[in-house]
Amino acid sequence: LKDTIASDAPVREAGLMGMHGGHVNVTDGRYVYMRAPAADENGPLFQYTHMPAHMTGPFSLEEMRTMEWHPGFSFTKGCPVMKTKARSGSWSQAHEYGTLLFDVEADPQQMQPLHDEEAEKRMIRLLVEQMKANDAPPEQYERLGLGS
């Protein structure tokens, strides 16, 4: 990290960020692209975990009864994980905000969404590349209206 900071040289083309069930975002350092769920019901949306608990308490009996085993991801080193339907939360309104694109050089506070078809196409490409590189589950592409 010291060398990267000293030279200010890019270490990747884009970075992926977001909150479970909300927008899935990508940035290339200039643009921030916030992809909203394609449909109001924000699905399909699942959570994958080794621990049957939410931040506020354990899974319900219904969640445990309907949970499925998923074979795991590259980051779980192939260890299976529990797959459960995600509960709705405050992020469920992400569809209402829609998909947003910002030029953070011209608009660092991200107050004025852009309508730039070429920039959006590039950011969609980066988003899909980053989702694949980070082992996003297939239903995320469907939830975001990206195909697979």
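Criteria and cut-off values
Residues numbered from 1 in each chain as written. Predicted model: local features only at pLDDT ≥ 70, side-chain atom pairs only at ≥ 80, totals over all residues. Heavy atoms only, no water. Pairing = 2+ DSSP bridges. Helix = DSSP H or I, 4+ residues; strand = E, 2+ residues; numbered from the N terminus. Salt bridge = Lys/Arg side-chain N within 4 Å of Asp/Glu carboxyl O. Buried < 20%, exposed > 50% of the residue type's maximum accessible area, 1.4 Å probe, protein only. Lys, Arg positive; Asp, Glu negative; His and termini not counted. Polar contact = N/O pair within 3.5 Å; in protein donor to acceptor, adjacent residues only side chain to side chain. Contact = heavy atoms within 4.5 Å. Axes fitted to C-alpha atoms, helices over the stretch in contact; angles between N-to-C directions.

Caption draft 1: Seen up close, the pairing of strand β1 (residues 15-18). In the sheet, β1 pairs with strand β2 (residues 24-27) via 4 bridges, with the strands oriented antiparallel. Note that in β2 the partner of Gly-18 across the bridge is Val-24. Here β1 folds back onto β2, and the loop between the two strands holds 5 residues, one of which, Gly-21, carries a positive phi near 85 degrees.

Caption draft 2: Region of the structure containing the pattern of salt bridges. Tallying each qualifying case throughout the model produces 8 salt bridges. Of the charged contacts in the structure, one is a salt bridge between Asp-103 and Arg-30, with a shortest N-O distance of 2.7 Å. Taken together, the residues Asp-103 in strand β9 (residues 100-103) and Arg-30 in the loop between β2 and β3 (31-35) connect sequence positions 73 residues apart. We classify Asp-103 as buried; its relative accessible area is 8%. Residue classification places Arg-30 among the partly exposed positions, given a relative accessible area of 34%. Put simply, Glu-117 and Lys-121 hold a salt bridge, and the shortest N to O gap is 3.6 Å. With Glu-117 and Lys-121 both in helix α4 (residues 117-133), this residue pair falls 4 residues apart, about one helical turn. Linked by salt bridges that have partners in common, Glu-13, Asp-28, Arg-122, Arg-125 and Glu-129 make up one network.

Caption draft 3: Inspection of the side chain of Arg-143 at higher detail. Counting through the fold element by element, Arg-143 comes out in helix α5 (residues 138-143). For Arg-143, which is buried and forms no salt bridge, the nearest opposite charge comes from Glu-139, at a distance of 8.0 Å. Side-chain polar atoms of Arg-143 contact the side chain of Asn-42, separated by 2.4 Å. Setting aside residues no more than four positions away along its own chain, Arg-143 makes contact with Gly-21, Gly-22, Val-24, Pro-37, Ala-38, Ala-39, Asn-42, Gly-43, Pro-44 and Leu-45.

Caption draft 4: Just the sheet that holds strand β4 (residues 46-49), in detail. In space, the 3 strands of this open sheet follow the order β4-β8-β7, with antiparallel pairing throughout. Strand pairing shows two members of the sheet lacking a second neighbour, β4 and β7 (68-70), which therefore form its edges. The mean angle between the axes of side-by-side strands here comes to 35 degrees, regardless of whether they run parallel or antiparallel. Across 4 bridges, the pairing between β4 and strand β8 (residues 81-85) is antiparallel. Within β8, the residue paired with Tyr-48 across the bridge is Lys-83.

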